[in-house]
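# Results of the structural survey
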Amino acid sequence: MSGYLQNGILKLDNFVIPSQARRKKGRVIMIECVQEIPCNPCATICPKGAITIEGNITNIPQVDFDKCNGCGLCIANCPGLAIFSVDESLPDNKAEVGIPFEFKPLPEVGEKVNLLNRAGEVIGTGEVRKVRNPKSYDRTPIIYLLVPQELSLDVRFLKK
């Protein structure tokens, strides 16, 4: 974790990643939380009980990827915007990445966007596939992006 503490940029080895086999089965979340702070909305909102915080409430949430159905409630309810979804079950070497988005205006379905990594660098282009913003998401819409599959674990934001 020393790289993160030095430069503020997370890398894949800073958290647990669902297996490729699980990502190929359909949408699943990835929790990129590294702050040990008292926080548990993700665990309390999960209807499948897929997210748990063992012991102290300041511990990092853990995901049972086999229980997770990728519904997105945890993504929208995470105050740290640290949860994303990945779905590599799409054809043509495409994937879907779900990201929390708290800016206006919301992007439009079909809109072409630049894909950004954790460092804010443009790593490719994608397309807005869905925009979900029901009341249960508490004003944090989820934008689902269609991306090249090889970028699915790296895309963490978009630039219009």
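That block above? That's the structure.
Below: a short report on this structure. As the structure is a computational prediction, the values presented were derived from the model and not from experiment.

About the thresholds
Residues numbered from 1 in each chain as written. Predicted model: local features only at pLDDT ≥ 70, side-chain atom pairs only at ≥ 80, totals over all residues. Heavy atoms only, no water. Core = buried A, V, L, I, M, F, W, Y, C linked by side-chain atoms within 4.5 Å. Buried < 20%, exposed > 50% of the residue type's maximum accessible area, 1.4 Å probe, protein only. Helix = DSSP H or I, 4+ residues; strand = E, 2+ residues; numbered from the N terminus. Salt bridge = Lys/Arg side-chain N within 4 Å of Asp/Glu carboxyl O. Disulfide = S-S within 2.5 Å. Pairing = 2+ DSSP bridges. Axes fitted to C-alpha atoms, helices over the stretch in contact; angles between N-to-C directions.

## Some details on the nonpolar core
- With 19 residues, the main nonpolar core has I29, I51, V63, C74 and I83 as its most contacted residues.
- Mapped by element, the contributors of at least two residues to this core are β1 (28-31), α4 (73-77) and β8 (142-148).
- Membership of the second largest hydrophobic core comes to 14 residues, among which are L115, V128, L151 and V155.

## Describing unusual backbone geometry
- K104 connects to P105 through a cis peptide bond whose omega is -5°.
- Looking at where P105 falls in the secondary structure, it is placed in the loop between β5 (94-100) and β6 (112-116).
- Residue D92 is not a glycine yet carries a positive backbone phi of 60°.
- Here D92 lies in the loop between β4 (83-87) and β5.

## Observations regarding the pattern of salt bridges
- For the structure shown, the criterion picks out 9 salt bridges.
- Its salt-bridge partner being R23, residue E88 comes within 3.1 Å of it at the nearest N-O pair. Of this pair, E88 sits in the loop between β4 and β5 while R23 sits in helix α2 (residues 20-25), placing them 65 residues apart in sequence.
- Residues joined by salt bridges that share partners form a network here, namely R27, E96, R129 and K130.

## Some words on the state of the cysteines
- Under the counting rule described, the total for this entry stands at 0 disulfides.
- Cysteine C33 is unpaired, with the sulfur of C78 as its nearest cysteine sulfur at 6.5 Å.
- Lacking any disulfide linkage, C71 is separated from the closest cysteine sulfur, that of C46, by 6.1 Å.

## Here's the deal with the sheet that holds β6
- Spatial ordering of the open sheet is given by β1-β4-β5-β8-β7-β6-β9, a layout of 7 strands whose pairing is antiparallel. Two strands close off the open sheet at either side, each with one partner strand: β1 and β9 (157-159). Recorded for the sheet is a direction-independent mean angle of 40° between the axes of neighbouring strands.

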